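Structural overview
As a plain string of letters, each chain reads:
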Amino acid sequence: MRHARLRLTAVFVLLAGSASAACIDLSKPYGNKSGCINKNGQEVYAEDMLLLTSEAFVTVASACTLTEKKAQADGSLTVKADCEAEGEEGKSPATFTIKHSAKNAGKLVIADEEGTVYGEVTRCR
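Description of the structure in this document. These numbers were taken from a predicted model, which means no experiment stands behind them.

Right, let's get into the pairing of strand β5 (residues 77-85). Sheet topology note: the strand β4 (residues 62-71)/β5 ladder contains nine bridges and is antiparallel. Among the inter-strand pairings, Lys70 is bridged to a residue of β5, identified as Thr78. Examined bridge by bridge, β5 and strand β6 (residues 92-100) share seven bridges and lie antiparallel to one another. Bridge pairing in β6 places Thr78 opposite Thr97.

It is worth spelling out the layout of surface pockets at this point. Each pocket or cavity is described by its volume, and for the largest pocket that value is around 170 Å³. Every residue lining the largest pocket is counted, 14 residues in all, and those nearest its centre are Cys83, Glu84, Ala85, Glu88 and Ser92. Per-element accounting of the lining of the largest pocket gives the leading share, four residues, to β6. Looking at the lining of the largest pocket, its residues break down into seven nonpolar, three polar and four charged.

Procedures and definitions
Residues numbered from 1 in each chain as written. Predicted model: local features only at pLDDT ≥ 70, side-chain atom pairs only at ≥ 80, totals over all residues. Heavy atoms only, no water. Pairing = 2+ DSSP bridges. Helix = DSSP H or I, 4+ residues; strand = E, 2+ residues; numbered from the N terminus. 1 Å grid on protein atoms, 1.4 Å probe; cavity = no way out; pocket = protein on both sides within 12 Å on 5 of 7 lines; lining within 4 Å. Points joined across faces, edges and corners; volume = space filled by probe spheres on them. Nonpolar A, V, L, I, M, F, W, Y, C, P; charged D, E, K, R; others polar.

Take a look at the structure:
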């Protein structure tokens, strides 16, 4: 009986840990320095701008509207989006992976479906 309770407790602890690790909260914007400056609209131009919100991913050359978000077992978030690139007509579908940085858990890393990393972003203040 005691072993059964210990096993059950261990299962709950593992589930609670994996649920918190799996949760990437985009309710507040994330960005690099110039991305956070621009979180309320274009205020400065910067070649390295990255801004991630619950609805969009914006770089200096493209704007993507997030259409689907799916949490993965490893704690990452797979995001599908419709993107517009500067100088091009129409929208193109894209898929991004968002995960916690291995170096700093407070940062998120954004990469495209080929694994090319756009950069790291932190929660905007």
